[in-house]
Structures are given as C-alpha cells and as structure tokens.
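Residue-level structure breakdown
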Amino acid sequence: MSRQGGIRFRYLRRDMVQNKGVNLTLLLMLVLSAFLMATGSMVMERLVGAVDQLFDVAKPPHFLQMHKGEYDEAALERFAAAHPEIDSWLIEEMLGFDGASLAWERPSTGESGDLSSRLIDNLFVTQNEEFDFLIDETGAIPEPAVGEVYLPVGYQQSFDLQAGDELRIRTESGIRVLRIEGFVRDAQMASLLSSTRFLVSTADFEALAAAGGGTPEIIVEYRLDDPGTGADFQRVYEADAAVPKNGQGVTYEQIRLINAFSDGLVALALVFVSMLVMVIALLNVRFVIRGMLTDEVREIGAMKAIGLPDRMISGLYLLKYRAMTLSACLVGGAAAVVATHLLTGGIEDNYAEAEIGPATFLVPTLALSLVYLFVVGICRRVLGRVRRIEVVNALVHGSTLDERQTARRARRQARRVRRGRLDGYRGGNLNRRLAMLELRSEARSWLLIPLVFCLASILMTLPMNLYTTFDSSRFGTYLGVPDSELRVDLQFSDGLDALRGDVLTAMGNDDRLTGVESYANLTYRIEGDEGWETFRVEVGDYTQSTIEYIRGGRPGAGQIAVSALNAERYRLSPGDVLAMRLGDDEVVSVEVSGVYQDLTGGGYTAKMHGEVTADAAAYVVFADIVGGGTPAAIASEYGGRFPNATVLPTREYMKQTLSYAVDSFRGAALLALVSGVAVAALITSMFLKLRLASDRRRMGMLSAIGFSARELRNQVQGNALVAIATGVVAGAVLSATVGESMVGSLIAMAGLGITDLSFIPNPLLVYVAYPLLLIATGYLSTVFLTAGLRGADKSGWLTS
Amino acid sequence: MKTGFVMPQHDHAPLACRNLTKTYHSTDPATEVLRGVDLTVGRGEFLAVMGSSGSGKSTLLYNMSGMDRPTSGTVHLEGRELTTLKDAELSRVRLTRMGFIFQQAYFLNNLNLQDNILLPALKAAPGDSEAVVSRVDSLMDRFGIDHVRRHGVTQVSGGQLQRASICRALATEPAVLFADEPTGALNSSMTTEVMDALTDAHSGGTTLVMVTHDPVCAARADRVVYLRDGRITDSRELGRWRADDGRREDELFAWLSGNGF
C-alpha cells in the first residue's frame, strides 16, 4: 500500500471508530435507499420478464371482443377476409357458470367448499389451437383428458386447492364432476379482468353445453401483423355494424397493462419510496459533511499549510463516503435479492418464472450504480468547500469562512441583534424565548429536520392514500360504477323487456330495497375517423347519480356525459354538441354535459338523460339496501328468482375485482410506513447527536450561568418538536395537494381509463394518526438522545 | 515539596471545601486529578490558584462551583453543602450566588452584548426587570463597555468581551466570582484591562477565586495557593494589592520558583 493510501486507510479507520453512531446512521440510510432501489428495479425486471415469458408461450390476442348471444359468423368471415392486417383469428366458445354453481371436494380428506364467494364470471373453455393458450404451472400448454379440468391459479391461491381435488358443476341436468388436474395461467384474463377461464376437454365442454345451466358466450380474437395497432383495429372493428360486439373489447396494450398493473404499481411504489429515502440520505450526507468540515477545519488548515493539494484533502474525506456508499450498495443489493424473491412469488404463480438473463443482473447493477454515482457525486460537490477554506482563518479562527464571508456574517449578525431581545422582557418563560431565538438564528442547520419529516410524511401518506382509495367502496364512483349496493344486468335473453318489468316490479315491492333505478343500453352510431362508429350509450335518469365527474356535471334533458377515453377519442369537452343516430333513425344532437372516468366496458362509455324505452340491447338496474339482509344474500336471492339476470352486490364485486391490486398496495403502504418511521427515528437521533456535540459550548455556558439540565433539555426538545411538527404538517399538506396530482398523473399515464385520481383517504389515519406517530417517533428519539444531558459533565462541555 | 503548611482560617467563610477528590475513570488507568483538597475562601477575599499544567487548577474550580461533581469530599457555599444538591438546585445556586468568567468569552451569538449580560440576571429576578436593567446599565458604564451595548459579540474586542463577562457575572450580585484563566486568550494591554476590572470588582467587596498561570495576574490577589498533582502544597498571603507596590510581583516570582513553577 502506498504511503498516501496508508494515510487514507488509517484516517478511514479512525473516523469509523470515533464517529460510530453518525456513520452507522448514514450507512443505514444508504443501505435502505440502495435496498429499495435495487428491489424496485428487480421486481420490475422480474415482472416484465415473467409477463414476456407468459406472452411468448400463451400468445394472447392483439384484440379481443367479448359477446353474448346470437352472432353472425359469416359477418366475421367477411370482416377477416377484408382486412389483410389480420394474421390469424378465432372464435372461442365459452360456457359461463356463476360461482354458486361450482363446488370442490377433496376425496382424500372429505374437505369441501364452493366458489360462490367469487363473483367474476367462470368461463369453461377448451384449449385453443393457434394462439391464446392457457399455460400450466410448468409453462406447458396442457390438453386436458376427458374428466379433467384445469382451474385458474388465482383460485388455487384463494381456495387452497390441490391437483386431485374434484370440481362439482351444477347443471340443469344434475351435478357433473371433473377431476382437477392442475392450474393454468391466463395471459388475457389476469387479475383485473372480470372473468376467468377453466380449461376442459372438448368432450366435457360439449357435455356441459348439453347439460344446460351455463351461459354461452364467445370471444372473437385476432392476432395482427403489427401488435401495436390494436387500438386502431378496435376502431375499425367497432365501425363494422355486422360483427358481434355487445361485450367488452380489449387491446393487446390493455392486456399487458392490466397484467402489470398491480405488481407494476408496487415496483413503482418501491422506486418512489427509494428515491425519497435517497433524498433524505443525501440531505444527511450534506449535513454531516458540512458539520465535519466545521469540526475539522483546523486539521484541514494544517494540511493545506503543509502543502497538501485540495484534491488530496477532499479525497481523504471522500474515501469514507465512497466506502460507505459501496458497502451500502453491496449490502442493499444482497438484501434486495432476498426481498425480490419473496415479493415475486405471486408474479411467478400468476405469470411465469422469468428466465435469468443478462437483464436480471444488469438492471439492479445499473440501479445501484446510479445510487453510487449520485451519492458520491453529491459528496464530492459538498467537499468542494475544502477549496474555499483559507489557511489562516482555519488555523487562527477555526473558521471555514474566508475574510469576506466572515465580515458578511458579522454584519448580518450585528443587524439581527441590534434590536434588543431581552431589555423589554417583563416576565414569561425566558427559557422558551431563548430556545425560539436559537431556533431562528440556527434555522439553516435545523432545516434538515422539517425537510426529513416532510419527506417521511409524504413517503408514508401517499402509498396509504392509494391503498385506502383503491380499497374504498366509493372508489367505484371514480370508475363509472354508481355507488349502489346491488346491480342487476339484463341482457341476451328473449323477452328482455318483460324480464325487466318483472325485476323492477319485484324490486319495487321489496321493502329491503330503495332507490331502484333502471337504465337502458342502446347502441348509437356517431361520426368518427372511420365513418359512422358504434357508440354505446346508457340511457336513464341521472339526477340522483353518484358518479364523480372530472369535468362538467351529470347530464340533464338533451344532454350526454361521456367517459374520459371517449372524450379523448372524439375530442369532446363539456358544452360540445354531439351528433348521433340510433340505427337508421335521423341524426339527433345532444350537448356534452360532463366527462367521467370509467374502467367498465373497456372504458368507452356514455350516459344520456332520457326515458328508458323498450327494445334496448340490455338493461341495468341499480338499487340500495335499507335494512334486512346483506347485499350478497339479496343478490343471490334475486339471482335465483331471475336466472336470466346477473345480480351482483356491487361493492363486493368491485372489491374482488381490485383485490389483487389492493393487497399489493397494502404491502407497499406497510413498507412505506415502516421505512418512514425508521428514517424519522434514525435521522432525528443522528441530527441531535451532532447538534448537541456542536452546541456543547453554548450549553456549558448556559449551565454555568444557572440554566439547569432540565431547562437545556427542554430547549432542545421544544425546538425539535417545532421543527418536527412543521415538517409533518407540511408533508401532510403536500401529500393532500401536490402528492395527489402527482400520483394521479402517474396513474393517468398508465392509460387504464383513470385520468383523474382524487384520493379517498382515511383522514383519521393519514392526517391524525400518521402525523402523531411521526411526531411521537421524533419526539421520543429527542427525549432518548437528550436524556444523557442530566448526568453530563458540564465543565467538560466548556473545556472540550 | 513543602510539608506542614497551615491552611489559614477565615470567619464566616462563604466558600469551603474539605477533602475534595476527583478521579476520572474514563481513562485507563483512572486519573486522580484532585487528591483531597481542603480550601477555605474568606468573605471578600481574592484568591488566586496557581500550579503547573495538569495540576488540577481548573478541575478544582469546576468542582467548587458545582459545574462538576467531586468523587468525594464536601463543598460548602455560605454554609450550604453543594455536593448533595440536585441538578436544578445546584443550577439555582450557580444562577443566584455564583458568577463565572472563562478563558474564552462564551456568549450567545444571537443576542447583543447587553442582552447577554442581562440573561442570568433576568432569569434570577424575572419580576424585577427594571431594577435588573438599571443595574446592568450601571455595571456596563462602570466597566467601560456602555458604548457597545448594542453590538454583536463578534463586533467587539477580546478585552471588551471579557469585561462584558465580568458584568454578566456581577449582574446577579453573586457571593463568589469564579474566573478560569480570564486573561489566557488576551494580549498584554487587554490583560491589564481585564485585571483592572476584576480588581475593581474585588474592591467593591466581591469574593473572587481565580485560576491563572500568569504571576502578574496572580499578584493582584490577596492570597495565592499552589496546586501540585491534585494537592495544595503551599499558600502565600499577599495582602491588599496596590498599584504602586513594585516588590509584590518579585516576591511572588521568588515564591513560585521555590515551588518549582
């Protein structure tokens, strides 16, 4: 080792031993940011890899259209023939059974249960031949034998099912039993879609169809030459009047987004949290380095005096931060490998086990390299102050300031103290007054605490607000689902109008229900880029509607409200006039009253005020429950009474649809909470340790002139409390204002139909409990750190 | 080392310590800095404590003033035992009955000179601020720093700062004034300035205990004690100081050299 290297190493070792507490805190902060950054990037890489892997094998369609009821197969043939951009296409036939018709049993133990708690559609299908395959746990494309069934992996997790269990299906002609052979991953019907597929053999499919009780549905699926043109293709498809399209249409991009939605958001949340933690760590590093330069200014002066170049002096100090950041990246990276393994268990179950490739190592290495370069860059910048230290000022006055800066500071100080603070004193708490004066004059140094607590507060609040928003029963109203307890869908049935009459009569006479409101779904056509395009409109009375509008308001007479995606597609704003026609009728003009965001029906919907007339394609009825019976029980009762109607307890349904995302957010919120509290405690402790050390002469003097240890403690604790509370309040305000729009725009960029997100926070939790928790954490750390003042050797403060 | 010297006794002694010891256990082996010091300071006396570096002068001062707690022994101030007092009581005693002057003039940068001097006095008598302000005004006038009362602590000279320290220490009308190397950081003209001020305070009746290594400063005292390795090994009565007494310093130098200073 060279002589210079030896000096550096000895300095490093001495500093590590002498400033254990501060160095350890800094190291922990750096480890935490490196860990979170590496974990976020690794989860993201695993997720993208897993989705890619699944998509490679499963070959999901580039555009799919769901449909229930009769359809014209010849029209689909004609459409396919007319569009050369179609690579291949298929019609997948499906049989839908509701969860209550499905039960499972474990012959070996006699355990059993039913799937009635799952409200999404359970669709029985056979394996496709060309594309859109269901994939088993080994990544293969299974072909079930007669008597076998493959269930979605989600069901395996929810109901703790095993291969070998039996699935019992209640059909109109009795119970049919199939053996669960395994579980399948579904590329196109992932966590956020409202249906899921069961794989059976062709013979069993035909037997189930013949047995009755299932609702036949189809999906028309297309693979295109260019997968990126799904949205354009959808417009072309919807402009064709003859093809079937009364269900949801979904593009390849949407399928990908939906697949990555919840896990991707968690990875994003991790990266977001890690960036905040890194900002906090950098603030600390800056504070510590500046404090160190002040403490060691005489040594620096001496080194400069004997002719050591500035670069070498700052290099001596930089070595420590280089070593710490490098260690933090290594430790954080290693811990991230374990954490990623734990976090991606669900991803592997739902998608695929992504192959380990160069990206698996490159992505976290790149993320950690960025952390290293950024932290060391900031350290280098702060250490640049070494250049400005003047030898004489450093050695004689122990000051990091040059002549001009010293004079400027003295002038500033003189101006500040010219007006006496105490000569007008007429009693009151002198100790408190002194503390406030200290806080004011040392505000720049104390600034670290409000900044850190502000960031910690944002760090804890935003993920929690996101979680409570997605978990709230009101969240549906942001997504186009009215805040009602029951939803009845009437479609694809003969005598639809009679059925609607029966349902409305039954619900109207039911004392347990209130606010029964029915809407008709009509298929209008409006002029778009592709000529007259299909435009689905829900017609009814919206005067009591609870939908949230992001622009404008609910529709009145002669008005229509459109979904955010429709507003974007057709460039509509409130006040615009929209020309549309029903079938071959004359064109009618309606005024756009407002824009709402919608996740239902693929996001392209509209709501028009008007009479609910007969002959609609479908109807929907909403109702609330005023007493007696749970929404699920009443939904099940109506489902039994009207087999051709789909009755759902809306909130429960929303909850299930979003449950995967909600679970992920809960995990992210918890992680953020723990990180926030840990960061708050660590930084407060470190700051006060350094603050008390640099303040010891002042405290020694105050102690000598008669201030007790308790009074000195009160000064520090009071100032810390003010600084902490200021930061926490600022954090809460920023979270509620800027934070909301920041998260909102991030989610809007995901293009899922949510263009504007208003938090539905748990105010007691995030605006009372969280701030109190942070303040208590900071305050307790202060109490702990200042406890030593009582027994301290006060004379030592003056002589050290 | 001289043996068998007799500690002078004073009636109504405001300050007395008996068998005072102080051992620092943080070092290995433990360091015994004070090894059984007996000392009495008479009312209105000016006592100088001398000794070589590391002899325990400052430690003695801090233990007598309650800034530090002795390992064993007692300290009485105006008949009240200090070593058994709780921190808050001891702080109160320092506030109302003691004044301090340090080698470095410690002041709060965010207060002007007058506020710094007012601080302990206002704390000691919060309900009597008018009387306190007028007392401080006259002290500043007496010690010649009235014209810099609104100055910040970085705007005045070292001598002015130490005189401000004396004003602050006297503002509470203490029973004893402790000074730890009050001229240690000053040049000779400032040293004279500060010693004149201390002598002035003493002539006003203030009891003064000063630690110093400067024989010229110590010559102003009524009595000098010599500390070696944590014990008082000698003491010399000098009597009242007079500016025209040229032999006093020579006698002290001779005595000190006899003590190996």
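Owing to the predicted nature of the structure, the values given are computational and were not obtained by experimental measurement.

1. A word on the overall build of chain B
- For chain B, the count of helices and strands is eight helices and 10 strands.
- Computed over C-alpha atoms, the radius of gyration of chain B comes to 18 Å, within 12% of the 18 Å expected from 2.2 N^0.38 for 261 residues, which places it in the range of a compact globule.
- Summarising its shape, the C-alpha atoms of chain B cover approximately 50 × 45 × 40 Å along the three principal directions.
- Evaluated residue by residue, chain B yields a buried proportion of 57% over its 261 residues.
- Here the contacts in chain B between residues at least 6 apart in sequence split such that 69% fall between residues at least 24 apart.
- Here chain B displays about 10400 Å² of accessible surface, and carbon together with sulfur accounts for 47% of that area.
- Side-chain charges in chain B split into 28 positive and 32 negative, and the spacing between the mean points of these groups amounts to 3 Å.

2. Here's the deal with the overall build of chain A
- Scanning chain A for helices and strands turns up 25 helices and 22 strands.
- The C-alpha extent of chain A, read off along each of the three principal axes, is 100 × 65 × 55 Å.
- Counting all 800 residues of chain A, 52% fall into the buried class.
- The long-range fraction of contacts in chain A, counting pairs at least 24 apart against all pairs at least 6 apart in sequence, stands at 82%.
- Working note: accessible area of chain A is about 34400 Å², and carbon and sulfur atoms make up 55% of it.
- Averaged over its 74 positive side-chain charges, chain A has a centre that lies 26 Å from the centre of its 90 negative ones.

3. Notes on the domain arrangement of chain A
- Domain boundaries in chain A define domain 1 (1-59 + 251-389), domain 2 (86-224), domain 3 (434-475 + 657-800) and domain 4 (494-643).
- Using C-alpha coordinates to define each centre, domain 1 of chain A is positioned 46 Å away from domain 2 of chain A.

4. Overview of a negative patch on the surface
All names here are of chain A.
- Judged by side-chain charge, D87, E129, E130, E143, D225, D226 and E253 come together as a negatively charged surface patch.
- One can find E253 in helix α7 (residues 252-295).
- For E253, a relative accessible area of 33% translates into the label partly exposed.

5. Remarks on the side chain of N23 of chain A
- Counting through the fold element by element, N23 of chain A comes out in helix α2 (residues 20-58).
- For N23 of chain A, the contacting residues outside a window of four places in its chain are D15, M16, K320 and M324 of chain A.

6. Quick look at the interface of chain B and chain A
- Between chain B and chain A, the residue contacts involve 35 residues of the former and 37 residues of the latter.
- A buried area of about 3100 Å², summed over both sides, lies between chain B and chain A, and 62% of it is on carbon and sulfur atoms.
- The interface formed by chain B and chain A contains one salt bridge.
- Between K123 of chain B and E711 of chain A there is a salt bridge, and its shortest N-O distance comes to 2.4 Å.
- Linking chain B with chain A are seven residue pairs in polar contact (both at pLDDT 80 or more).
- Looking at the side of chain B that touches chain A, the elements that each hand over two or more residues are α2 (87-97), α3 (113-124) and α4 (129-142) of chain B.
- Top element by residues in the side of chain B that touches chain A is α3 of chain B. It accounts for seven residues.

7. Comments concerning helix α16 (residues 448-471) of chain A
- For α16 of chain A, spanning 24 residues, the distance from its first C-alpha to its last is 35 Å, which sits close to the expected 34 Å at 1.5 Å a residue.
- α16 of chain A sits mainly inside the fold: 22 of its 24 residues count as buried.

8. Regarding the sheet that holds strand β1 (residues 15-24) of chain B
Residue and element names in this part refer to chain B.
- Read from one edge of the open sheet, four strands run β2-β1-β4-β5, paired in antiparallel fashion. The open sheet has two edge strands, β2 (31-41) and β5 (80-81), and neither has a second partner.
- Where β1 and strand β4 (residues 72-77) come together, five bridges link them in antiparallel fashion. Across the sheet, residue R18 finds its bridge partner in β4, namely T74.

9. Topic: the UniProt feature "transmembrane region" (unreviewed entry) in chain A
Residue and element names in this part refer to chain A.
- According to UniProt, the positions carrying the feature "transmembrane region" (unreviewed entry) are residues 21-44, 265-289, 321-344, 356-379, 446-467, 668-688, 720-752 and 764-785.
- The span residues 21-44 is 100% helical and 0% strand by assignment, and the distance between its end C-alpha atoms comes to 34 Å.
- For residues 321-344, the end-to-end C-alpha separation is 32 Å, with 96% helix and 0% strand making up the annotated structure.

10. Some details on the UniProt feature "domain: ABC transporter" (unreviewed entry) in chain B
- Feature annotation in UniProt places "domain: ABC transporter" (unreviewed entry) on residues 15-254 of chain B, given in this structure's numbering.
- From the first C-alpha to the last, residues 15-254 of chain B spans 28 Å; its make-up is 36% helix and 26% strand.

11. Side note on the state of the cysteines
Residues and elements named next belong to chain B.
- All chains considered together, the criterion is met by zero disulfides over all chains.
- Free of any disulfide, C217 has its nearest cysteine sulfur in C167, 18 Å distant.
- Exposure remark for C217: the relative accessible area of 2% places this residue in the buried category.

12. Things to note about the sheet that holds strand β10 (residues 231-237) of chain B
All names here are of chain B.
- Spatially, the six strands line up as an open sheet ordered β6-β7-β8-β3-β9-β10, and their pairing is mixed. The open sheet has two free edges, formed respectively by β6 (98-101) and β10, since each of these has just one partner strand. On average, adjacent strands in this sheet sit at an angle of 20° to one another, irrespective of strand direction.
- In terms of strand pairing, strand β7 (residues 176-180) meets strand β8 (residues 207-211) through five bridges, oriented parallel. Along β8, the bridge assignment pairs D180 with V211.
- Sheet contacts for helix α8 (residues 247-258): β3 (46-51), β9 (223-228) and β10; angle to β9, the most-contacted strand, approximately 20°.

13. Quick notes on unusual backbone geometry
- A positive phi angle, near 55°, is found at D132 of chain A, a position not held by glycine.
- Take D132 of chain A: it is sitting in the loop between β5 (121-125) and β6 (135-136).
- With phi around 50°, N19 of chain B is a residue other than glycine that occupies positive phi space.
- Along the chain, N19 of chain B falls in strand β1.

14. A closer look at the pattern of salt bridges
Residues and elements named next belong to chain A.
- This model, assessed by the stated rule, comprises 31 salt bridges over all chains.
- In this structure, D510 and R512 form a salt bridge, with 2.9 Å as the shortest nitrogen-oxygen distance.
- Of the residues examined, D510 reaches a relative accessible area of 11% and is grouped as buried.

15. Section: a nonpolar patch on the surface
Residue and element names in this part refer to chain A.
- Taken together, the side chains of V337, V338 and L342 make up a nonpolar region of the molecular surface, amounting to roughly 310 Å² of accessible area.
- One can find L342 in helix α9 (residues 310-343).
- Among the residues examined, L342 registers a relative accessible area of 68% and is labelled exposed.

16. Considering the confidence of the model for chain B
- The pLDDT averaged across chain B works out to 88; a share of 95% of its residues lies at or above 70.
- The model gives residues 1-11 of chain B a pLDDT under 50, and that stretch makes 21 contacts with residues more than four places away or in other chains.

17. Details of the UniProt feature "domain: ABC3 transporter permease C-terminal" (unreviewed entry) in chain A
- Mapped onto this numbering, the UniProt entry gives "domain: ABC3 transporter permease C-terminal" (unreviewed entry) at residues 272-378 of chain A.
- The straight-line gap between the two end C-alpha atoms of residues 272-378 of chain A is 20 Å; of that span, 88% is helix and 0% is strand.

The rules behind these values
- Residues numbered from 1 in each chain as written.
- Chains lettered and ligands numbered in written order.
- Predicted model: local features only at pLDDT ≥ 70, side-chain atom pairs only at ≥ 80, totals over all residues.
- Heavy atoms only, no water.
- Helix = DSSP H or I, 4+ residues; strand = E, 2+ residues; numbered from the N terminus.
- Rg over C-alpha atoms; globule rule 2.2 N^0.38 Å.
- Buried < 20%, exposed > 50% of the residue type's maximum accessible area, 1.4 Å probe, protein only.
- Contact = heavy atoms within 4.5 Å.
- Areas by Shrake-Rupley, 256 points an atom, 1.4 Å probe, with all protein chains shown as cover.
- Lys, Arg positive; Asp, Glu negative; His and termini not counted.
- Charge placed at Lys NZ, Arg CZ, Asp CG, Glu CD.
- Domains from an automatic or database assignment.
- Patch = residues over 30% accessible without salt bridge, like charges linked within 9 Å, V, L, I, M, F, W, Y side chains within 5 Å.
- Salt bridge = Lys/Arg side-chain N within 4 Å of Asp/Glu carboxyl O.
- Buried area = accessible area lost by both parts, 1.4 Å probe.
- Polar contact = N/O pair within 3.5 Å; in protein donor to acceptor, adjacent residues only side chain to side chain.
- Expected span 1.5 Å × (residues − 1).
- Pairing = 2+ DSSP bridges.
- UniProt positions renumbered as here; feature names shortened; annotations may be inferred.
- Disulfide = S-S within 2.5 Å.
- Axes fitted to C-alpha atoms, helices over the stretch in contact; angles between N-to-C directions.
- pLDDT = per-residue confidence, 0-100.

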